[in-house]
Structures are given as C-alpha cells and as structure tokens.
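Coordinates in review
Below are the chains, spelled out letter by letter.
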Amino acid sequence: MKVRLPDVTLVLIDGTCPELSRLSLQDSMAQVECPDVLVCSPYDIDVPGTQWIKTPNWSDRLGPSAFIWYELPDLVKTDWMLLTSWDAWVIDASLWSNEFLDYDYVGAPWWYNDGFNVGHGLLRSRRLLKFLTANKEAFPLAHPEDDLLSRNYRPALEKHGFRWAPEQLASRFMFECTRPSHNSRHFMFHDSFNFPFVLDRDRLTERLRLMLENPYLQKGSKIAELRAGRMPLILPRLAAAV
C-alpha cells in the first residue's frame, strides 16, 4: 500500500543511467505518492505522472550537486524533497515516519563515532537548500557534497537552526555502507552493491544486465563491487527502529 507524502516532492537525479533510473523511479512511485515527481536529467525518462526537467550533460560530479543546491530549490514547491537516483530508491514505505520531517537533513548512518555520522542525505528541506543558495561564499560547494554538508558544514549550519536526524531515526530511514544487522528494515537505501539485499533474483539480473550495457558504469567500480559481493558494514550500535 502506498504512503502519501503531501509535503514531499519526489526527485530523480540522473545524468548517466536513464534505463536504470526509470526502474528506480518506478520502484519508488510504487511505494509513495507525492504531489510532484521531478525527473531531472538530460534524458527524457518517460514515466507517467512525472515532470521532466531537462538538465545539461554534467561533465563532472559537481554538476548534479550544484543543480541540487542552487537550482532544485526553485523547482520544488513542497517543503521537503526526496532525492533518488539509479541506485537509490524507496524499498519499504511502511517504515515512513512523519518524524523525518522534523529535520532538514535525513540520510544514511556512516561509520564515524564523533557525532557527525549521518550523511548522504536523501531527504532534505527546501529551506536548507535555499539557505545554501543565499550563502554561497560562506558555504561553497565542493565534492563530495554529502560529506561536506554533514561533516564540515554541519556545526555551522546547526547554529543557524538546521537539524540533522539522529542516528537511530536515520537508520530507520535508510542504509548505505552500514547496517545494524543483515535483516534490518529501512525506508530506502543507496548504492548498487546493496542490490542483492533489495532485489529478487529476476530484478537483480535485469539491473545487472543494464549495468553491463551502460558505458558510464563500464568505466567505474560499481560492476566489480557487485560481482565481488561487497557488503555494508554491520554496526549493531546503530540501533534500527525496526
């Protein structure tokens, strides 16, 4: 059963993997219902019920990050945006909590022990990104932008009133490179090496075929990581809500 998120815009960001992104977006839309679904890509990823925002062919990783920070806030009408990509989507809508919306940045717990451990924020408030746009000199963009926001800029941004989700709640929201256990449940996930944990055999085979056919992914490490069976670190201290 779908979960309605009236205050959230679903946003797909893609510049390299349109076929994989189409499947990802369809998976998210099967789980959640948002007032607007934006497809931000140089490719027309034709999924019914979406709006295509044609972007440039980004030449580096700063391109999509700059788009998210400086252009997306003017395109989104809701107070929050849920970012997805070819390797990040909603997997269990029953794990949604309106408590997520008490925060400006909700992402995956990482592996640090210094209090700045919630990164790769896929749920972000519009007001946070509008603030970054208005304060480019104080908070310049660099890669990787999730590490920059969550570990470098977070203390200063918190002084301006912006809030990061605590680890336990963030763990309920998503997993990436760490999990509380092998069978913990999460609202969404990120990274293709986690495909075996979120896809059945047939769907995994389809994703792998598309990865093997994709010129961009042929040059990177994602296929090798998946073939090698890379797994997220199991860190029981990240107490999963479910």
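This text goes with the structure placed above it.
Heads up: these notes are all about the structure in this document. Everything numeric in this text was worked out from a predicted model, so none of it was measured. Within any chain, residue numbers begin from 1 and follow the written order of that chain's sequence. Since the coordinates come from a predicted model, pLDDT governs what is reported: local features require at least 70, and pairs of side-chain atoms require 80 or more to be given and counted, while whole-chain, interface and lining totals use all residues. Hydrogens and water molecules were not included; the side-chain quantities draw on all heavy atoms of the structure.

Scanning the protein chain from N- to C-terminus turns up nine helices and 13 strands. Both definitions apply: the radius of gyration is a C-alpha atom measure, and the globule rule equals 2.2 Å times residues to the power 0.38. Whereas a compact globule of 242 residues would reach a radius of gyration of roughly 18 Å, the protein chain reaches 17 Å, a difference of no more than 12%. When the backbone C-alpha atoms are referred to their principal axes, the protein chain occupies close to 45 × 40 × 35 Å. Contacts are assigned to residue pairs that have any heavy atoms within 4.5 Å of one another. In the protein chain, the share of contacts with a sequence separation of at least 24, taken over all contacts with a separation of at least 6, comes to 71%. As displayed, the protein chain has an accessible area near 11200 Å², and 50% of this comes from carbon and sulfur atoms. Considering the protein chain, the positive charge centre built from 27 side chains and the negative charge centre built from 31 side chains are found 2 Å apart. Secondary structure elements follow DSSP: runs of H or I of four or more residues count as helices, runs of E of two or more count as strands, with numbering from the N terminus. All accessible-area figures derive from a Shrake-Rupley calculation using a 1.4 Å probe, and residue coverage is judged against the displayed protein chains alone. Only four residue types enter the tally: Lys and Arg on the positive side, Asp and Glu on the negative side, with His and both chain ends excluded. Taken as the charge location is NZ of Lys, CZ of Arg, CG of Asp or CD of Glu.

Right, let's get into helix 1 (residues 18-31). Multiplying 1.5 Å by the helix residue count minus one yields the expected span of that helix. Between its terminal C-alpha atoms helix 1 stretches 20 Å, which fits the 20 Å expected from 14 residues at 1.5 Å a residue. For helix 1, the complete set of buried residues consists of Pro18, Leu20, Ser21, Leu23, Ser24, Leu25, Asp27, Ser28 and Met29. Only protein chains enter the calculation, and the probe is 1.4 Å; a residue is then buried if its accessible area is under 20% of its type maximum, exposed if over 50%, and partly exposed in between.

Two elements in contact, helix 2 (residues 62-75) and helix 3 (residues 126-134), have axes whose closest approach is 8 Å; the angle formed by their N-to-C orientations is 120°. Accordingly, the angle class assigned to the pair helix 2 and helix 3 is oblique. Taken as a pair, helix 2 and helix 3 cross one another with a handedness that is left-handed. Contacts from Ile68, Trp69, Tyr70, Pro73 and Asp74 of helix 2 reach helix 3 at Arg126, Leu129, Lys130, Leu132 and Thr133. For helices, the fitted line uses only the C-alpha atoms of the stretch in contact; every axis is such a line through C-alpha atoms, and the angle between N-to-C directions lies from 0 to 180 degrees. Just so you know how the angles are binned, under 35 degrees is roughly parallel, over 145 roughly antiparallel, 65 to 115 roughly perpendicular, and the rest oblique. Here a crossing is taken to be left-handed if its near helix is turned anticlockwise relative to the far helix by less than a right angle, and right-handed if that turn runs clockwise.

Our focus in this paragraph is helix 3. The set of residues buried in helix 3 consists of Leu128, Leu129, Phe131 and Leu132. Buried residues of helix 3 fall within an arc of 155° about the axis and therefore sit on the same side. Where the residues of helix 3 are buried, they touch helix 2, strand 6 (80-84), strand 8 (105-109), strand 9 (118-125) and helix 4 (145-159). Note that the arc is computed from the directions linking the helix axis to the C-beta atoms.

This part is about the packing of aromatic side chains. Working definition: rings of Phe, Tyr and Trp (its six-membered ring) pair if their centres are within 6.5 Å, and the pair is stacked with planes under 30 degrees apart, edge-to-face with planes over 60 apart, and tilted otherwise. The final tally for this structure, using the stated rule, is 19 aromatic pairs. Here the aromatic rings of Trp89 and Phe195 are separated by 5.4 Å at their centres, their planes lie at 45°, and the arrangement is tilted. With Trp89 in strand 7 (residues 88-90) and Phe195 in helix 6 (residues 195-198), this pair connects stretches of sequence that are 106 residues apart. On the basis of relative accessibility, which here comes to 0%, the residue Phe195 falls in the buried class. Look at Phe131 and Phe139: their rings are 5.8 Å apart centre to centre, the planes differ by 55°, and that puts the pair in the tilted class.

Secondary-structure assignment places Ser184 in the loop between strand 11 (178-179) and strand 12 (188-190). Sequence-wise, Ser184 and Gly119 are 65 residues apart; in three dimensions their C-alpha atoms are separated by 19 Å. Within the structure, Ser184 has its side chain in polar contact with the side chain of His186 (distance 2.7 Å). Contacts described as polar in this section are N or O atom pairs within 3.5 Å, which, within protein, must combine one atom able to donate a hydrogen with one able to accept it, while residues neighboring in sequence count only if both atoms come from side chains.

Of note, the amide linkage connecting His143 to Pro144 takes the cis form, showing an omega dihedral of 0°. Locating Pro144 in the fold gives a position in the loop between helix 3 and helix 4. In this structure, Asp191 takes a positive phi of about 95° despite not being glycine. Checked against the element boundaries, Asp191 lands in the loop between strand 12 and helix 6. The class for Asp191 is buried, based on a relative accessible area of 8%.

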